[in-house]
Amino acid sequence: MDLSQVVALLTAGDHTISREIIQRGFGVLFLIAFASAFNQFPALLGERGLTPAPRFIALTSARQAPSLFRWKRFAYSDRRLRLVCVIGMVLAASAIIGLPQAGPAWVPIPVFLAMWALYFSIVSIGQRFYGFGWESLLLEAGFLIGFLGSHEVAPTLPMILLLRWFVIRVEFGAGMIKMRGDSSWRDLTAMDYHHQTQPMPNPLSRRAHLMPGWWHKAETLGSHIVQLAAPWLLFLPQPIASFAAVAIIITQLALVISGNYAWLNWATILLACSGISDTFFRWIVGGPFPDWGWNVGVFTDPTTEAADFVAVPDPVETLPVWWLIIVLVFVAWQAWLNVPALRNLFSPNQLMNASFNRLGLGNAYGAFGSMTETRNEIIIEGWIAPEDGSADRGADAGGDTDGAAAIDNGWREYRFKGKPGDVLRRGPVVAPYHLRLDWLMWFAALGDYRQTWFTALLRAIGSGDPQIRRLMGLDPFDGAAPDLIRVRVFTYRYATRTERQAATAAGEPKPWWVRSDPRILVRPIDLRQS
């Protein structure tokens, strides 16, 4: 076997479209991530944030939380944080429009590594607000995909296989977490609850929840089949790998249209595209059915007008040996870093969303190992004494179920942009943007409210902090600090069709939610002087 044959064997010339989708798609996700940090980080973690990053940096070491903001000449400030975000957004925009991909083979590497380094510096000091699995997913993908190269070279088979292994860690890891976790996944009842109790429902979540029981069992079974089997089929010849990738993409799109999970589902969809060949994409839009095999096409520059595969005289011309060596060394290093993740997949004590090294590469992933069957919502309310002094605090113990009595007594709810509160409001479409405060409020309702950030949030609301108010929904007091603040917990469920029809017949607004069982979490307190 001569050099040309070896290079041809390691060339994935039939994956130029998927490379384009992956690199530009992750450019979009990085743009959203940096925009989210620009808008939310200062209020949540900034100099006057709920859990200030400067304090966290002072209390931790570079080994515990490596970050650009530890550099004395670039010590953290809200202005420098926003500068980092702007630079990141510019780099992401360049990848979206294809500037790095139009250069020499190596150019995408420093661009994506720069985005990785900048966002890694943010996530490392993001504490609880950045403790989500999709942060690690985005960072690890950003570290890898620059090595897919530019239009100047063909995609390499080792990199394509590395991304498919990434899909296995994400999807198979999630499937195994579920099978080893809550019994509702094993008895196929998990989806009876999921759409109602998920962190941030969207407009279709209620309809999904009200589907019949057999539908929910089919959803759960389908999830198991796709997550436990389809990822491994990515390593089979085409078009089997492409069909497996499509199955994964379809299940992820089902999650996209029925919930808000930031960029988790979109990142998984992009990674799954590594399993789809160019010939399969062309078949989808009316071309011939793809041939069977591992590499069924040869590389053509996607910037040319050629629409079909053409013969390439020498594979070395489309995949230079120096570039192939760089990729092989990189993939070998990644394979070594992935050994702990491989062991974790088959461990009875499987870890979820865990990192095994300081760079956050070769991570373990997973979600919803435990299924919540009842939805509780934390409702923060404020009270301002009327000028005439005619009303008392009222309802201190919280006895109403629809909020009307609370308003009559002067107590008014603070709304959030995404999380349920107002029973008349349907769930919004937020993803792939990430409302971090709203997500943590979901965890707080599960019992995670004994945290510094939650106490700081109450103080910020109670003192009328304008930074926090901008991250929330409608302000019931137009920016004024309340005289008193209290926190109650309600049990929420979707309104049934019958309940909505009855409201319409009575000339009342149709409820989206029904809430009951009010409990006091924090009794009325004056926080204006805190």
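Quick caveat: nothing in here was measured; it's all calculated off a predicted structure.

Q: Help me understand the packing of aromatic side chains in this model?
A: Any two aromatic rings considered together are summarised by their centre-to-centre distance and by the angle between their planes. Enumeration over the complete set of coordinates arrives at 39 aromatic pairs. Consider the rings of Phe147 and Phe330, whose centres lie 3.7 Å apart with planes at 10°: the pair is stacked. In this pair, Phe147 sits in the loop between helix H6 (133-145) and helix H7 (157-180) while Phe330 sits in helix H16 (residues 321-337), placing the two residues 183 residues apart along the sequence. Neither Phe147 nor Phe330 differs from the other in exposure class; each is buried. Aromatic ring contacts, followed pair by pair, group Phe30, Phe34, Phe41, Phe69, Phe74, Tyr76, Tyr119 and Tyr130 into a single cluster. Arg128 extends its terminal NZ or CZ atom over the ring of Phe443, reaching a point 4.9 Å from the ring centre.

Q: Sorry if this is basic, but what is going on with the confidence of the model for the protein here?
A: A low pLDDT means the predicted coordinates there should not be read in detail. For the protein, the average pLDDT comes to 91, and 92% of its residues sit at 70 or higher. Counted against residues more than four places away or in other chains, residues 305-313, with its pLDDT under 50, gives 15 contacts. A low-confidence stretch, residues 395-408 (pLDDT under 50), is modelled with 29 contacts involving residues beyond four sequence positions or located in other chains.

Q: What is the right way to look at the pairing of strand S1 (residues 375-383) in this model?
A: A regular strand places its side chains so that they alternate between the two faces of the sheet. Along S1, eight of the nine residues are buried, which leaves the element largely enclosed by surrounding structure. Alignment of S1 against strand S2 (residues 411-413), held across three bridges, turns out to be antiparallel. Paired with Glu381 across the bridge in S2 is Glu413.

Q: Is there a simple way to think about H6 in this case?
A: Residue pairs spaced three or four apart in an α-helix point in one direction, given the helix's 3.6 residues per turn. With 13 residues, H6 ought to run about 18 Å at 1.5 Å a step, and its terminal C-alpha atoms sit 18 Å apart, in line with that. Here H6 lies mainly inside the structure; twelve of its 13 residues are buried. Among the residues making up H6, those that are buried are Gly133, Trp134, Glu135, Leu137, Leu138, Leu139, Glu140, Ala141, Gly142, Phe143, Leu144 and Ile145.

Q: What should I look at first to understand the layout of surface pockets in this one?
A: Over the atoms, a rolling probe the size of a water molecule traces out where space has been left empty. In this structure, the largest pocket encloses a volume near 1100 Å³. Taken together, 50 residues make up the lining of the largest pocket; nearest its centre are Lys178, His194, Leu255, Tyr261 and Phe368. Counting residues per element, the ones that place at least two in the lining of the largest pocket are H6, H7, helix H9 (191-197), helix H10 (205-209), helix H11 (213-233), helix H12 (240-258), helix H13 (264-272) and helix H19 (436-448). If one sorts the elements of the lining of the largest pocket by residue count, H12 sits on top with eight residues.

Q: Got a minute to help me understand the pattern of salt bridges in this structure?
A: Side-chain pairing between opposite charges can occur once the charged atoms of the two side chains come close. For the structure on display, the rule yields 13 salt bridges. Arg24 is the partner of Glu20 in a salt bridge, and the nearest nitrogen-oxygen pair spans 2.8 Å. Of the two residues, Glu20 and Arg24 are both situated in helix H2 (residues 16-45); the distance of four residues between them amounts to about one turn of the helix. With relative accessibility at 29%, the residue Arg24 sits in the partly exposed group. Residues joined in a network through salt bridges with shared partners are Arg375, Glu377 and Lys419.

Q: It is not clear to me how the sheet that holds strand S3 (residues 484-494) should be interpreted in this structure. Could you clarify?
A: Backbone-to-backbone hydrogen bonds pair the strands of a sheet. The strands run either parallel or antiparallel. Read across the open sheet, the four strands follow the order S2-S1-S3-S4; overall the sheet is antiparallel. Lying at the two open borders of the sheet, with one neighbouring strand each, are S2 and strand S4 (513-525). Each adjacent strand pair in this sheet contributes to an overall mean axis angle of 35°, direction not counted. When S1 meets S3, the two strands line up antiparallel, connected through nine bridges. Looking at S3, one finds that Glu381 is bridged to Arg486.

Q: In this structure, what is going on with the environment of Asn265? I would like to understand it.
A: Structurally, the position occupied by Asn265 is in helix H13. The class of Asn265 is buried, set by a relative accessible area of 3%. Beyond its immediate stretch of four places on either side in the chain, Asn265 contacts Gln252, Leu255 and Val256.

Q: It is not clear to me how the packing of helix H5 (residues 108-123) against H6 should be interpreted in this structure. Could you clarify?
A: When two helices pack together, their arrangement is given by the angle between their axes and by how far apart the axes lie. It is at 8 Å that the axes of H5 and H6 come closest, and there the two elements cross at 155°. If you check the angle between H5 and H6, you find them roughly antiparallel. In this structure, the crossing between H5 and H6 has a hand that is left-handed. Contacts from Phe112, Leu113, Trp116, Tyr119, Phe120 and Val123 in H5 reach Glu135, Leu138, Leu139, Gly142, Phe143 and Ile145 in H6.

Rules used in this analysis
In this numbering scheme, every chain counts its residues from 1 along its sequence in written order. In keeping with the model being predicted, local features are shown solely for residues with a pLDDT of at least 70 and side-chain atom pairs are shown and tallied solely at 80 or more, while totals for entire chains, interfaces and linings include all residues. With hydrogens and water stripped out, all remaining heavy atoms of the structure feed into the side-chain values. Centre distance within 6.5 Å is the pairing criterion for rings of Phe, Tyr and Trp, where only the six-membered ring of Trp is used; planes under 30 degrees apart are then read as stacked, over 60 as edge-to-face, and the remainder as tilted. Per the convention used, a helix needs a DSSP run of H or I reaching at least four residues, while a strand needs a run of E reaching at least two, with both numbered from the N terminus. With a 1.4 Å probe rolled over the protein chains alone, any residue whose accessible area is under 20% of its type maximum counts as buried; one over 50% counts as exposed, and the rest are partly exposed. A ring has a charge above it when a Lys NZ or an Arg CZ is no more than 6 Å from the ring centre and no more than 35 degrees off the ring normal. A score between 0 and 100, pLDDT records how confident the predictor is in each residue. The contact criterion used is simple: two residues touch if any of their non-hydrogen atoms lie within 4.5 Å. Pairing between two strands is assigned when DSSP locates at least 2 bridges connecting them. Multiply 1.5 Å by the residue count of a helix minus one, and that product is the helix's expected span. Put simply, the grid is 1 Å and covers the protein atoms alone, a cavity is a trapped set of points that fit a 1.4 Å probe, a pocket is an open set with protein on both sides within 12 Å along at least five of seven lines, and lining residues have an atom within 4 Å of a point. Grid points are joined across faces, edges and corners, and a volume is the space filled by probe spheres set on the points. For this analysis, a salt bridge means a side-chain nitrogen from Lys or Arg found within 4 Å of a carboxyl oxygen belonging to Asp or Glu. Convention adopted: a line fitted to C-alpha atoms gives each axis, helices being fitted over their contacting stretch, and angles between N-to-C directions are expressed from 0 to 180 degrees. Oblique is the label for every angle not falling under 35 degrees (roughly parallel), over 145 degrees (roughly antiparallel), or within 65 to 115 degrees (roughly perpendicular). In this scheme the handedness of a crossing depends on how the near helix is turned from the far one: anticlockwise by less than a right angle means left-handed, clockwise means right-handed.

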